[in-house]
Amino acid sequence: MVEAVLIDLFSLPANLQSNIQGLLHNTLETIEKCSSIHVPCVYVMCCQRQGSERKGEQEFLLPALRGFQSLRRRLEVVCAHTTAAALYTIKQRLDEKDLSIIKVILPTLRKDLMKVYIDHLFTAVYQFEFEDLHVVSDCENLQISEPQHEGQTLSSQDVALIRSEIQMYLESLPSLKGELTILRSSLIPDDIFLHGFTTRRGGISYIPTLSSCNLFSSSKRKDPQVVVKENLRRLANAAGFNPEAFHRVKVDHANAVCIMGKTEPENYDGIVTNQKGVTLAAPGADCIPVLFADPVRKACGAAHSGWKGTLLGVSMATVHAMVSEYGCNMKDILVVLGPSVGPCCYKLPHESAKEFHRIDPKCVRLFDSASPYIDIRRATRILLERGGILPENIQDDSITDQNQNITFCTACHPDKFYSHFRDGPNFGTQIGFISIKD
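- As recorded in an unreviewed UniProt entry, the protein chain goes by Purine nucleoside phosphorylase LACC1 and comes from Grantiella picta.
- As recorded by UniProt, the Subunit (unreviewed entry) comment attached to the protein chain reads in full: "Interacts with FASN. Interacts with SDHA. Interacts with ATF6, EIF2AK3 and ERN1."
- Under the UniProt heading Sequence similarities (unreviewed entry), the note attached to the protein chain is "Belongs to the purine nucleoside phosphorylase YfiH/LACC1 family."

## Topic: the overall build of the protein chain
Phase 1: Of the regular secondary structure elements, the protein chain holds 13 helices and 18 strands.
Phase 2: Pairs at least 24 residues apart make up 71% of the contacts formed inside the protein chain by residues separated by at least 6 positions.
Phase 3: Carbon and sulfur atoms provide 49% of the accessible area of the protein chain, an area that totals close to 19,400 Å².

## Re the sheet that holds strand 2 (residues 41-47)
Think of a sheet as strands paired side by side through backbone hydrogen bonds, with each pair either parallel or antiparallel.
Phase 1: Reading across from one edge, 3-2-1-4-5 is the order of the five strands in this open sheet, with parallel pairing throughout. Of all the strands in the sheet, the pair left with one neighbour each is strand 3 (75-80) and strand 5 (127-132). Each strand axis lies, on average, 20° off the axis of its neighbour in the sheet, ignoring direction.
Phase 2: Bridge count between strand 1 (residues 4-8) and strand 2: five bridges; the pairing is parallel. The partner of Leu6 across the bridge, within strand 2, is Tyr43.

## Details of the pairing of strand 10 (residues 270-273)
Across a regular strand the side chains alternate sides, sitting on one face of the sheet and then on the other.
Phase 1: Side chains Gly270 and Val272 of strand 10 all project onto a buried face; the interleaved residues Ile271 and Thr273 project onto the opposite face, where all are buried too.
Phase 2: Looking at chain direction, strand 9 (residues 257-259) and strand 10 are connected through three bridges and run parallel. The partner of Ile259 across the bridge, within strand 10, is Val272.
Phase 3: The pairing of strand 10 with strand 13 (residues 299-305) spans four bridges and is antiparallel. Looking at strand 13, one finds that Gly270 is bridged to Ala303.

Cut-off values and rules
Residues numbered from 1 in each chain as written. Predicted model: local features only at pLDDT ≥ 70, side-chain atom pairs only at ≥ 80, totals over all residues. Heavy atoms only, no water. UniProt positions renumbered as here; feature names shortened; annotations may be inferred. Helix = DSSP H or I, 4+ residues; strand = E, 2+ residues; numbered from the N terminus. Contact = heavy atoms within 4.5 Å. Areas by Shrake-Rupley, 256 points an atom, 1.4 Å probe, with all protein chains shown as cover. Pairing = 2+ DSSP bridges. Axes fitted to C-alpha atoms, helices over the stretch in contact; angles between N-to-C directions. Buried < 20%, exposed > 50% of the residue type's maximum accessible area, 1.4 Å probe, protein only.

Here is the structure:
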């Protein structure tokens, strides 16, 4: 069942106000009478002309809205200078109400254009259906000027212009939840490496569980790729790396490692390089983003270590890749564990907990319970030390000077970090990143 209706009047000329009013009146009348749409939320998208005020734009539509009291309570006119701005504002309204099934009523000639905007600003979480905006008798002289014809695919230039419009609008938005914050380790020498761990501050993602510097998009979440890209651009500007030379692991919760410059595996949780200016990254929203640096051979790596990857030894797999590919000495490699869910909060079923208990009983608390508490950080450290990494070359939450601690519990700090464990399936993601300076 349709949850919201979007009426697209954005391209209609402002000098034909009476025609627009008639068109809107008839469309609203159809919606109100339609039994399949039970008084939905209705959004009318209009172009805000240069020099006009938002209020004035809405006022000229008021005559068409009179008489629709049942709809008026759930109807909003959204005026903006660009389609991107208007549609993104409507997306915010939909997300506030947790609505995802939308009927779009629009001029036929604008349908292909609107689909491109929707593909960029929405994800597969949302469902759209389209209906032609019918020109009724008192609007028969209304001419809609559009650059394309019905059924004609937009040119690559048209699509590029839409992308540029969206990008410019997103870049103009203010940062949320304060300034962008990057946590850095004193263990990794900053004269050789650029590195850090992000927090949730300083981006433009507005959905509560994703706000504000979410750095991952998927078909199952509400943050589109263009928003994540803008968050990454802001991070890159603040940190000083090139977002076009940015490589994130393709999470599989396993132990495969990608060697930069060689054939890329389909999925991998570790990545290494000795190329300067290339930024490697691993996500984390409870799972551990782990960074690796060898200041002698000038090589680095990043790994995503959840409970499965920890048991499969993804961190040592990343170390072995640095040793075999770049001739690194095990005793020179520095390892930093980033923000992740702590043993204070993280539970696993008893069967999974047994595997951590075999690594070391201290990795499990309340072992005899149905869901014991698990310390995936301690397990990671133990496996690294057993593999040959010096204890003093590993930084985690066991650090002596807590003022230097960056391995915070993500679940315990909702103001600073995302947490899948805490926030549920529509969770945000922070990252750990590292590169070799030019």
